[in-house]
Amino acid sequence: MTKIKIGQIGIGHNHGGAKMMAVRKFPELFEVIGYAEENKRWIEKRGEHKCYADLPLLSPEEIIEKSDAVLVESDVWDLTKYAKMCVDNGKHIHMDKPASGTLEEYKAVLDTAKEKNLVVQLGYMYRYNPAVQKCIELIREGKLGEIYSINAEMSTFHPEGYRKWLTNFGGGIMYILGSHLVDLIVYILGEPKKITSFLKQTGLDGINLPDNNLAVLEYEKALARVFVSSVEVNGFGRRQFVVSGSKGTVNICPIERPITMTYSDTTIADKTYEDRKILIPFDDNTFDGRYDEMMQDFYKYIIGEKENPYTYEHDFLVQKVLSEIIGGVKFHGKNID
């Protein structure tokens, strides 16, 4: 089995450590050559994490030179910058989300990767949620019929420090969490015909950012609603992805911890005013291994064993729709805390 030499640029992304842990679970697939981080504060905060402790600290240029593929896990505002360095030098990338920079800068990364036949895998974790995967399978099989509605919610009651960090981003929590939901909606329904956003600021704890947000994506017949909040008590327990069509409905709530999915079609819901559905069970062990399948697929994409279903064009459209929702991709600062 061919091993892929892989390194990581940046440890500032909140999912960076978990990605490195996932890669290191598969030494038969990956040879980890080290990590890079140009911000000394992140080295002080996270450099001693067990996933990095025995790895050499290299420069981004050394990571690129020594690697076949790179995990781009920097602070969000630097993701596209480092991704461009990688693809310009012919390296496959796993790039965390959401993309940064302007749409033109991000498109240049994707265009270069496509031209050079390089893998670009975005770190949208719900692509690998088994209930979401089952939902997409049912859609493809026609079990839900024509899709009329998607209701997607991803909220949390975030601590004060996290909400201060969110002030870095235009769109606040919509930019960070809403991107996950936009990814799935665009994958299922494509580009919306109209987008209407409601980006509200509660001002909780004197922190001013869009922390209570709703976007409505309009299609010819379908409506998709994206709600994300940073101030919803037990928001994690209400994270949901509901898809309804002419033949059936899937309700995933919560999305994880525990994964809970119900399915109903016109044969099951044979009483109009009764709750009739079946529970589709899943092993609830995916949170700690959230990125395992993702990293295994990254390997398969690189060696040509599997084709990435999320195309360059799809990834760009996600960022385009997200940008339209928040009124343009903007970064206000570079606060760590």
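For clarity, every value in this text was computed on a predicted model and none was experimentally measured.

S.K.: Even after reading the chapter, I still don't get the nonpolar core, so can you show me in this structure?
M.R.: Generally speaking, a soluble globular protein has its nonpolar side chains buried in company with each other. By size, the foremost hydrophobic cluster in this structure holds 98 residues, and its most contacted members are Phe30, Ile93, Ile176, Ile185, Phe241 and Ile252. If we skip the residues at most four places from it in the chain, isoleucine 176 touches Val76, Lys97, Pro98, Tyr162, Trp165, Leu166 and Phe169. Judged by nonpolar contacts, the second largest core, of seven residues, contains Ile11, Met20, Tyr35 and Leu55.

S.K.: What am I meant to see in unusual backbone geometry here?
M.R.: If a residue is not glycine, its phi is most likely negative; likewise, a peptide bond is most likely trans. Cis peptide bonds are those with omega within 30 degrees of zero, and the linkage from cysteine 253 to proline 254 qualifies with -5°. Considering the arrangement of structural elements, one finds proline 254 in the loop between β12 (248–252) and β13 (261–265). The omega torsion of the bond from arginine 257 to proline 258 falls at 0°, within 30 degrees of zero and hence cis. With respect to the helices and strands, proline 258 occurs in the loop between β12 and β13. At aspartate 205, a position not held by glycine, the phi torsion is positive, near 60°.

S.K.: It is not clear to me how the packing of aromatic side chains should be interpreted in this structure. Could you clarify?
M.R.: What describes a pair of aromatic rings is the distance from one ring centre to the other and the angle between the planes of the rings. Under the counting rule described, the total for this entry stands at seven aromatic pairs. Ring geometry for phenylalanine 30 and tyrosine 299: centres 5.9 Å apart, planes at 80°, overall edge-to-face. Of this pair, phenylalanine 30 sits in strand β2 (residues 30–36) while tyrosine 299 sits in helix α9 (residues 292–303), and the two are 269 residues apart along the sequence. For the pair formed by phenylalanine 30 and tyrosine 299, the shared burial category is buried. Counting every residue linked through ring pairs, the aromatic cluster contains Trp77, Tyr162, Trp165, Phe169 and Tyr175. The cationic tip of lysine 19 hangs over the ring face of tyrosine 291; the distance from NZ or CZ to the ring centre is 4.9 Å. Above the plane of the ring of tyrosine 82 lies lysine 81, whose end atom (NZ or CZ) is 4.5 Å from the centre.

S.K.: What am I meant to see in the sheet that holds strand β9 (residues 212–218) here?
M.R.: The pairing of strands in a sheet happens through backbone hydrogen bonds and is either parallel or antiparallel. Strands sit in the order β8-β9-β10-β7-β11-β12-β13-β14 across an open sheet of eight strands; the sheet is mixed. With one partner strand each, in any of the chains shown, β8 (194–200) and β14 (278–280) form the two edges of the open sheet. Adjacent strand axes in the sheet meet at a mean angle of 10° when their direction is disregarded. For β9 and strand β10 (residues 223–229), the ladder comprises seven bridges, and the chain directions are antiparallel. Bridge assignment links valine 216 to a residue of β10, and that residue is arginine 225. Seen against the sheet, helix α10 (residues 312–326) touches β8 and β9 and runs at an angle of roughly 50° to β8.

S.K.: What am I meant to see in the packing of helix α5 (residues 103–115) against α10 here?
M.R.: When two helices pack together, you describe them by how their axes are tilted relative to each other and by the distance separating the axes. Put simply, α5 and α10 touch, their axes get as near as 10 Å, and they point 175° apart. With respect to α10, the axis of α5 lies roughly antiparallel. In this structure, α5 contributes Leu103, Tyr106, Lys107, Leu110, Ala113 and Lys114 to the contact, and α10 contributes Tyr312, Glu313, Asp315, Phe316, Gln319, Lys320 and Ser323. The class makeup of the residues in the contact of α5 with α10 is six nonpolar, two polar and five charged.

S.K.: Which parts of the structure should I look at to understand the state of the cysteines?
M.R.: Such a bond, covalent and formed between the sulfur atoms of two cysteines, is termed a disulfide. Enumeration over the complete set of coordinates arrives at zero disulfides. Cysteine 86 takes part in no disulfide bond, and the closest cysteine sulfur, belonging to cysteine 51, lies 18 Å away. The class of cysteine 86 is buried, set by a relative accessible area of 0%. No disulfide involves cysteine 253; its sulfur sits 14 Å from the nearest other cysteine sulfur, which is in cysteine 135.

S.K.: Mind showing me how you'd approach the pairing of β10 here?
M.R.: Note on strand geometry: in a regular strand, side chains alternate between the two faces of the sheet. Of the strand pairs in this sheet, strand β7 (residues 147–153) and β10 are connected by five bridges, and their pairing is parallel. For serine 149, the partnering residue across the bridge sits in β10 and is leucine 223. Connecting β9 to the antiparallel partner β10 that follows it, the hairpin turn spans four residues.

S.K.: Teacher, can you tell me more about the sheet that holds β2 here?
M.R.: Pairing is parallel in the open sheet, where six strands are placed in the order β3-β2-β1-β4-β5-β6. Here the strands that pair on one side only, and so sit at the sheet edges, are β3 (57–58) and β6 (120–122). Sheet topology places strand β4 (residues 69–72) next to strand β5 (residues 92–95); four bridges connect them, and they run parallel. Bridge assignment links leucine 71 to a residue of β5, and that residue is histidine 94. Relative to the sheet, helix α1 (residues 16–24) contacts β1 (4–9), β2, β4 and β5, its axis offset from that of β2 by approximately 155°. Running over the sheet, helix α4 (residues 79–88) touches β1, β4 and β5 and is turned about 165° from β5.

S.K.: Just to check I follow, could you spell out α10 for this structure?
M.R.: For an α-helix, 3.6 residues make a turn, and residues three or four places apart therefore share a direction. Taking 1.5 Å per residue as the helical rise, α10 with its 15 residues ought to reach 21 Å, and the 22 Å between its terminal C-alpha atoms agrees with that figure. What α10 keeps buried is the set His314, Asp315, Leu317, Val318, Gln319, Val321, Leu322, Ser323, Ile325 and Ile326. Following α10 by one or two positions, glycine 327 has its phi on the positive side, about 80°.

Calculation criteria
Position labels on residues start from 1 in each chain and follow its written sequence. This being a predicted model, a pLDDT of at least 70 is required before a residue's local features are given, and a value of 80 or more before pairs of side-chain atoms are given or counted; all residues contribute to the totals for chains, interfaces and linings. Calculated side-chain values reflect all of the structure's heavy atoms, with hydrogen atoms and water omitted. In plain words, nonpolar cores are sets of buried Ala, Val, Leu, Ile, Met, Phe, Trp, Tyr and Cys residues tied together by side-chain atoms within 4.5 Å. Each residue gets one of three labels from its accessible area relative to the maximum for its type: buried under 20%, exposed over 50%, partly exposed in between, using a 1.4 Å probe on protein chains only. A contact between two residues is defined here by any heavy atoms of the two lying within 4.5 Å. Counting from the N terminus, the helices are the DSSP runs of H or I reaching at least four residues and the strands are the DSSP runs of E reaching at least two. Ring pairs are drawn from Phe, Tyr and Trp, using the six-membered ring of Trp, whenever the two centres fall within 6.5 Å, and their geometry is named by plane angle: stacked under 30 degrees, edge-to-face over 60, tilted for the rest. By definition here, charges over rings are those cases where NZ of Lys or CZ of Arg is within 6 Å of the ring centre and within 35 degrees of the ring normal. Between any two strands, pairing holds if DSSP finds at least two bridges. Fitted lines through C-alpha atoms give the axes, limited to the stretch in contact for helices. The angle between two N-to-C directions lies from 0 to 180 degrees. For this classification, under 35 degrees means roughly parallel, over 145 means roughly antiparallel, 65 to 115 means roughly perpendicular, and everything else is oblique. Residues are grouped as follows: nonpolar covers Ala, Val, Leu, Ile, Met, Phe, Trp, Tyr, Cys and Pro; charged covers Asp, Glu, Lys and Arg; every other residue, Gly included, is treated as polar. Only a pair of cysteine sulfur atoms within 2.5 Å counts as a disulfide in this structure description. In this analysis, the expected span of each helix is defined as 1.5 Å times one less than the number of residues it contains.

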